[in-house]
There are 2 protein chains.
Amino acid sequence: MKTNKFMAIYQDLSGKIKSGELQRNSTIPSEHELAEIYGTSRETIRKALTLLAQNGFIQKIKGKGSIVLDVEKLNFPVSGLVSFKELAQNLGKPSRTTVHKFGLLQPDRFLMSQLQAGSKDEIWEVIRSREIDGEKIILDKDYFLKKSVPLLTKEIAENSIYEYLEKTLHLKISFAKKEIVVEDCTEEDKLYLDLENFQHIVVVRNYVYLDDATLFEYTESRHRLDKFRFVDFARRGH
Amino acid sequence: MKTNKFMAIYQDLSGKIKSGELQRNSTIPSEHELAEIYGTSRETIRKALTLLAQNGFIQKIKGKGSIVLDVEKLNFPVSGLVSFKELAQNLGKPSRTTVHKFGLLQPDRFLMSQLQAGSKDEIWEVIRSREIDGEKIILDKDYFLKKSVPLLTKEIAENSIYEYLEKTLHLKISFAKKEIVVEDCTEEDKLYLDLENFQHIVVVRNYVYLDDATLFEYTESRHRLDKFRFVDFARRGH
DNA sequence: AAGTGGTCTAGACCACTCT
DNA sequence: GAGTGGTCTAGACCACTTC
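Owing to the predicted nature of the structure, the values given are computational and were not obtained by experimental measurement. (Residues numbered from 1 in each chain as written. Chains lettered and ligands numbered in written order. Predicted model: local features only at pLDDT ≥ 70, side-chain atom pairs only at ≥ 80, totals over all residues. Heavy atoms only, no water.)

**Q** Looking at this structure, how should I read the pairing of strand 9 (residues 229–235) of chain B?
**A** Successive residues of a regular strand alternate their side chains across the two faces of the sheet. Among the 7 residues in strand 9 of chain B, 6 count as buried, and that is most of the element. In this structure, strand 6 (residues 173–184) of chain A lies alongside strand 9 of chain B, joined through 7 bridges in antiparallel fashion. Opposite K177(A), over in strand 9 of chain B, you have F233(B) as the bridge partner. (Buried < 20%, exposed > 50% of the residue type's maximum accessible area, 1.4 Å probe, protein only. Helix = DSSP H or I, 4+ residues; strand = E, 2+ residues; numbered from the N terminus. Pairing = 2+ DSSP bridges.)

**Q** Which parts of the structure should I look at to understand the protein's contact with DNA strand C?
**A** The environment of DNA strand C is made up of 24 residues, and the closest members are R42(A), E43(A), R46(A), K5(B) and T44(B). For DNA strand C, the fraction of protein-proximal atoms (within 4 Å) that sit in sugar or phosphate groups is 69%. Here a phosphate oxygen of DNA strand C sits 3.3 Å away from a polar atom, N or O, in the main chain of F6(B). Counting only elements with at least two residues in the surface near DNA strand C, the list comes to helix 3 (42–54), strand 1 (58–61) and strand 2 (65–68) of chain A together with helix 1 (5–19) and helix 3 (42–54) of chain B. Broken down by element, the surface near DNA strand C gets its largest block of residues, 4 residues, from helix 3 of chain B. For the surface near DNA strand C, the residue count by class is 2 nonpolar, 9 polar and 13 charged. (Near = heavy atom within 4 Å. Polar contact = N/O pair within 3.5 Å; in protein donor to acceptor, adjacent residues only side chain to side chain. Nonpolar A, V, L, I, M, F, W, Y, C, P; charged D, E, K, R; others polar.)

**Q** When you look at the packing of aromatic side chains in this model, what are you seeing that I'm missing?
**A** Ring pairs (aromatic) are described by centroid distance and by the angle formed between their planes. Residues and elements named next belong to chain A. Tallied over the full model, the rule gives 17 aromatic pairs over all chains. Judged by centre distance (4.7 Å) and plane angle (10°), the ring pair of F175 and Y209 falls under stacked. Placement of the pair is F175 in strand 6 and Y209 in strand 7 (residues 200–210), with a sequence separation of 34 residues. Site record: aromatic cluster; members linked through ring pairs are F110, Y143, Y207 and Y218. Above the face of the Y207 ring, K177 is positioned so that its terminal group lies 5.9 Å from the ring centre. (Phe/Tyr/Trp six-rings, centres within 6.5 Å; stacked < 30°, edge-to-face > 60°. Lys NZ or Arg CZ within 6 Å of the ring centre and 35° of its normal.)

**Q** Would you take a moment to explain the confidence of the model for chain A for this structure?
**A** Low pLDDT marks stretches whose predicted atomic positions should not be read closely. The predicted model of chain A has a mean per-residue pLDDT of 87, with 89% of residues at 70 or higher. Below a pLDDT of 50 lies the segment residues 77–82 of chain A, which in the model reaches 20 contacts outside its immediate sequence neighbourhood of four places, other chains included. (pLDDT = per-residue confidence, 0-100. Contact = heavy atoms within 4.5 Å.)

**Q** It is not clear to me how the pattern of salt bridges should be interpreted in this structure. Could you clarify?
**A** Between side chains of opposite charge, a pair can form when the charged atoms approach closely. Residues and elements named next belong to chain B. Tallied over the entire structure, the rule returns 39 salt bridges over all chains. As a salt-bridge pair, E31 and R42 come within 2.9 Å of each other at their nearest N and O atoms. Residue E31 is located in helix 2 (residues 31–38), and its partner R42 is located in helix 3; the two are separated by 11 residues in the primary sequence. The class for E31 is buried, based on a relative accessible area of 13%. (Salt bridge = Lys/Arg side-chain N within 4 Å of Asp/Glu carboxyl O.)

**Q** Honestly, helix 7 (residues 161–168) of chain B in this entry has me stumped. Any pointers?
**A** What sets the pattern is the α-helix's 3.6 residues per turn: residues three or four places apart point alike. Residues and elements named next belong to chain B. All of the buried residues along helix 7 are I161, Y162, Y164 and L165. For helix 7, the buried positions fall inside an angular range of 165° around the axis, keeping them on one side. Of the exposed residues in helix 7, those oriented more than 90 degrees away from the buried face are K167 and T168. Buried-residue contacts for helix 7 involve strand 4 (123–132), strand 5 (135–145), helix 6 (154–158), strand 6 (173–184), strand 7 (200–210) and strand 8 (215–224). Directly after helix 7, the chain includes H170, whose backbone phi takes a positive value near 60°. (Arc of directions from axis to C-beta.)

Take a look at the structure:
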């Protein structure tokens with residue numbers, strides 16, 4: 001990511017945990033030792049270790065040390081803010097995206113409330129189905145505020161919109177509120193997905209915010225019941 | 001929680017945000033100012049603000065300041081590691097817990113793998129249904145390693161097991177891996193829940209770890225489709 | 001008593017935003 | 001240029017675990 005010292009240390013250590021160089025259930029060097037090894041202050045080491053703990057790589061134990069957790073726990077398919085493209089690559093399965101609808105529209109009441117938009121804000125609508133292993137199992141309905149995303153094309157939608165937003169437009173996605181519920185299938189779901197006989201569908205609603213805390217995207221990701229899986233790593237207290 | 005300086009500042013500020021004393025979309029005092037106000041160093045203020053940001057209270061913007069986010073976003077029903085009792089209190093609805101099974105047992109193959117237990121580890125089994133607004137909509141199947149939880153009673157299971165674990169046994173729950181999937185209803189689900197005609201059920205599997213990184217509990221929380229809702233707040237990158 | 005992580009300090013320099 | 005948050009330092013004291 002960035003070139004911070006603590007980020008570099010975080011990536012070095014997380015890499016060593018993933019590769020097995022630092023074995024699970026073993027303790028890593030103490031903070032004082034790491035400070036010497038990396039030639040930094042202890043607070044900088046602590047920043048890196050706090051990150052490792054938050055992301056499930058290690059557990060810090062007072063008076064004892066930091067031990068390496070099972071990285072097998074890191075099957076984070078839908079956790080955080082990963083995109084479909086990253087997800088499919090993680091699964092390593094053949095996948096395909098089909099764009100069914102693409103265009104600019106004036107928001108209706110529903111979209112105005114979801115995107116906190118005014119009636120004269122234009123909105124990009126992108127509706128895509130996702131095919132994995134030959135089955136269309138995810139329907140993604142994305143809505144972007146045009147004032148945040150001036151230009152979007154069907155070609156971009158066929159690849160990764162997020163890659164475009166971050167690498168070309170340099171938008172900084174900062175945080176998101178996610179909601180998961182189960183709803184009745186709609187006609188649209190039946191039209192675009194291989195639904196078999198399922199009557200319900202898992203709906204993941206995402207409200208995505210930029211760096212400056214402005215809402216710029218509302219997404220509905222609609223997953224066929226049997227193919228949905230959400231994994232999360234949560235720490236108590238915070 | 002604790003009596004740390006940064007924790008006290010966190011709780012003071014988060015309280016002021018919840019109460020509306022610090023208004024949403026306004027900027028809070030700068031870190032230097034806060035350091036003077038609270039009579040601490042800036043790094044201590046930063047720890048408190050980092051916590052606020054992680055929990056969705058504020059957004060920090062470089063060069064500008066920290067602005068207060070919509071706290072309406074804090075409907076975190078199942079997010080993190082909250083227990084049913086906390087959840088029901090949040091919802092403010094009449095709720096009831098019924099214990100259907102309670103006892104010690106030897107683990108079968110399934111439990112041995114879920115709890116990383118040996119064949120001679122004894123395990124507490126607690127099966128409870130949760131009734132909200134007069135409908136039995138959640139089936140909780142809890143399994144605790146006896147070596148971590150020496151004693152458990154039916155009376156405790158009828159109230160809050162987590163309160164007992166934390167306040168009486170002083171176990172420190174540290175982190176959990178959570179998995180959400182949808183599965184076919186079992187006979188057990190039909191027996192204990194008011195399932196109406198739903199053929200599927202949302203299953204939340206929880207693997208809960210203590211302070212010293214030992215796994216001590218496996219839980220299946222089985223929710224009726226139409227009553228399930230999961231809300232999460234996620235930050236990008238970390 | 002020695003070693004560990006947890007907290008806190010008083011400074012410093014940087015990149016960024018706003019004027 | 002002034003103010004902001006982001007990073008980093010070199011120390012200090014504490015509570016905890018282990019011996």
